[in-house]
Amino acid sequence: MSSVRRFFVEKIGRETALTGEEYSHAKNVLRLGVGDEVVLLDGSGKEYDAVVARAEKGALLCNVVGERPGDKECATPVRLLAGALKGDKTELVVQKATELGVSEIGIFLSRYSSAYMNENKLERLNKVAREAAKQCLRSRAPQISFYGDFKSALESCEGYENKLFACEFAKASDADLSSLAGACALVVGSEGGFSEEEFEQARSLGFAGVTLGKRILRAETAAIAFTSVVMFALGELR
Ligand code: SAM
C-alpha cells in the first residue's frame, strides 16, 4: 500500500492549503511538516503529488509537483440506495460500499424504518466515506445523500441502465446479475424491510426485483453482499 498520506482538499492550486480536519490529522496525528510528501485529492478523480512547503496557523501549504489520473475508480457507475440503519450499521455499509467502489450512496427512510437521520449523522457518513476512500487508495469518495421519503430515493436513480431492488420476499430475480453491463442502481432495505407497495412502487419506476437467496440477510449483510455480487459481475473484483 502506498505509504504517502492522502488528503482531500477543496481546491487544487500550484500552492494548496491543507485545512480543517485534514490539517489537524496531518499536523497533530501524523506530525507532518515541511518537506513531507503528500497526495492531494480534489474529488475530480485526479491525484496530485505535493510537498509540504510551509506551515501557517491552521494550515499546511503544499507545493503541487505532479498530477495523474487515479486508477482505482470503477469503470461503471454504481449507486447504492440503503435504508437508514440503527446504531453504527449505516456507517459500516458506507465504509464497505466505498471500499467496493460505489460512486454514490443514498440513505433513505421507508415505511418500516426504525432509524433516523440528521445533519450530523449525514456529515459523519460523508467523513466515513472520505476515510474509507483514502484507505483503499481511491481518488474519489462517494457523495452520501439522504432521502426522507422512499419515492424520491427511487427517482434519484432515473437514467441508470440497471435498476436492481433486493427484495426479501421476491420468489425469483427479474434480472440476470451474471451478465450486467452499464450503470447500476441498487436498493436494499432497512432492518424492517419493504412493504409490498414499496416493491410495486419500485417496479413501476423500472426496478427489477432481485432475490439474494433463500435466507433472510441482515440489512448490512445484504447491502455489502449485493454490492459485491454486482461489482464482481461488472468485472471490478479482478
Ligand atoms: N424485515 C424483513 C423480514 O423479516 O423478512 C427483513 C428485511 S432484511 C433484514 C433487510 C433488507 O435486506 C431487505 O429489505 C432486502 O433489501 C435485503 N434482503 C435481505 N435478505 C434478502 C434476500 N434473501 N433476498 C433479497 N433481499 C434480501
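For the structure, check the block above.
Residues numbered from 1 in each chain as written. Predicted model: local features only at pLDDT ≥ 70, side-chain atom pairs only at ≥ 80, totals over all residues. Heavy atoms only, no water.

(A) How the structure looks around the sheet that holds strand 1 (residues 6–8). Here five strands make up an open sheet; going across it, the order is 1-3-4-5-2 and the pairing mixed. Across the chains shown, the open sheet's two edge strands, defined by having one partner strand only, are strand 1 and strand 2 (15–18). Sheet twist, expressed as the mean angle between neighbouring strand axes with direction ignored, is 45°. Relative to strand 5 (residues 59–69), strand 2 runs antiparallel, the two sharing four bridges. Within strand 5, the residue paired with Ala-17 across the bridge is Leu-61. Along the sheet face, helix 1 (residues 20–29) touches strand 1, strand 2, strand 4 (46–56) and strand 5 and points at about 155° away from the line of strand 1. Along the sheet, helix 3 (residues 119–135) makes contact with strand 1 and strand 3 (37–41), crossing strand 1 at roughly 150°. (Pairing = 2+ DSSP bridges. Helix = DSSP H or I, 4+ residues; strand = E, 2+ residues; numbered from the N terminus. Axes fitted to C-alpha atoms, helices over the stretch in contact; angles between N-to-C directions. Contact = heavy atoms within 4.5 Å.)

(B) Spotlight on the site of the ligand. Around the ligand, 19 residues are found, and the nearest of them are Ala-166, Glu-168, Leu-212, Gly-213 and Arg-215. Here Gly-192 contributes a backbone N or O atom positioned 3.2 Å from a nitrogen atom of the ligand. Here a nitrogen atom of the ligand sits 2.9 Å away from a polar atom, N or O, in the main chain of Leu-217. Considered on its own, the ligand offers 570 Å² of accessible surface; in the complex 83% of this is hidden by protein. For the shell around the ligand, the class distribution of residues is ten nonpolar, six polar and three charged. (Near = heavy atom within 4 Å. Polar contact = N/O pair within 3.5 Å; in protein donor to acceptor, adjacent residues only side chain to side chain. Areas by Shrake-Rupley, 256 points an atom, 1.4 Å probe, with all protein chains shown as cover. Nonpolar A, V, L, I, M, F, W, Y, C, P; charged D, E, K, R; others polar.)

(C) Structural view of the layout of surface pockets. Of the volumes computed, that of the largest pocket is approximately 590 Å³. If you trace the largest pocket, you find 24 residues lining it, with Phe-8, Val-9, Glu-10, Glu-22 and Arg-130 closest to the centre. Sorting the residues of the lining of the largest pocket by element identifies strand 2, helix 1 and helix 3 as the ones contributing at least two each. Here the lining of the largest pocket takes eight residues from helix 3, the largest share from any one element. (1 Å grid on protein atoms, 1.4 Å probe; cavity = no way out; pocket = protein on both sides within 12 Å on 5 of 7 lines; lining within 4 Å. Points joined across faces, edges and corners; volume = space filled by probe spheres on them.)

(D) Spatial organisation of the pattern of salt bridges. In total, this model carries 21 salt bridges according to the counting rule given. Glu-47 serves as the salt-bridge partner of Arg-68, at 3.2 Å between the closest nitrogen and oxygen. On the criterion of sequence distance, the pair formed by Arg-68 in strand 5 and Glu-47 in strand 4 is long-range, its members being 21 residues apart. Look at Arg-68 and you get partly exposed, because its relative accessible area is 31%. (Salt bridge = Lys/Arg side-chain N within 4 Å of Asp/Glu carboxyl O. Buried < 20%, exposed > 50% of the residue type's maximum accessible area, 1.4 Å probe, protein only.)

(E) Structural context of the side chain of Lys-163. Relative to the assigned elements, Lys-163 resides in strand 9 (residues 162–166). A relative accessible area of 10% places Lys-163 in the buried class. Here the side chain of Lys-163 touches Leu-205 through a polar contact of 2.7 Å, landing on its backbone oxygen. Leave out the neighbours within four places in its chain, and Lys-163 touches Cys-157, Glu-158, Ala-185, Leu-205, Gly-206, Phe-207 and Ala-208.

(F) Main features of the pairing of strand 6 (residues 78–83). Burial runs high along strand 6: six of the six residues are buried. With burial as the criterion, each face of strand 6 is covered, one bearing Val-78, Leu-80 and Ala-82 and the other bearing Arg-79, Leu-81 and Gly-83. Relative to strand 10 (residues 184–188), strand 6 runs parallel, the two being bridged by five bridges. Within the sheet, the bridge partner assigned to Arg-79 lies in strand 10 and is Ala-185. As judged from the five bridges shared by strand 6 and strand 7 (residues 104–108), these two strands associate in the parallel manner. Each bridged residue has a counterpart across the sheet, and for Leu-81 the counterpart in strand 7 is Gly-106. Following the backbone out of strand 6, through helix 2 (residues 89–100) and into the adjacent parallel strand 7, one traces a crossover that is right-handed. (Right-handed = clockwise from strand over helix to strand, strands pointing away.)

(G) Layout of the sheet that holds strand 8 (residues 143–147). The six strands lie next to each other as 8-7-6-10-9-11, forming an open sheet whose pairing is parallel. Looking along the sheet, the strands with just one partner apiece sit at the ends: strand 8 and strand 11 (208–210). Direction aside, neighbouring strands of the sheet carry axes that sit 20° apart on average. Note that strand 7 and strand 8 share five bridges and pair parallel. The partner of Ile-105 across the bridge, within strand 8, is Ile-144.

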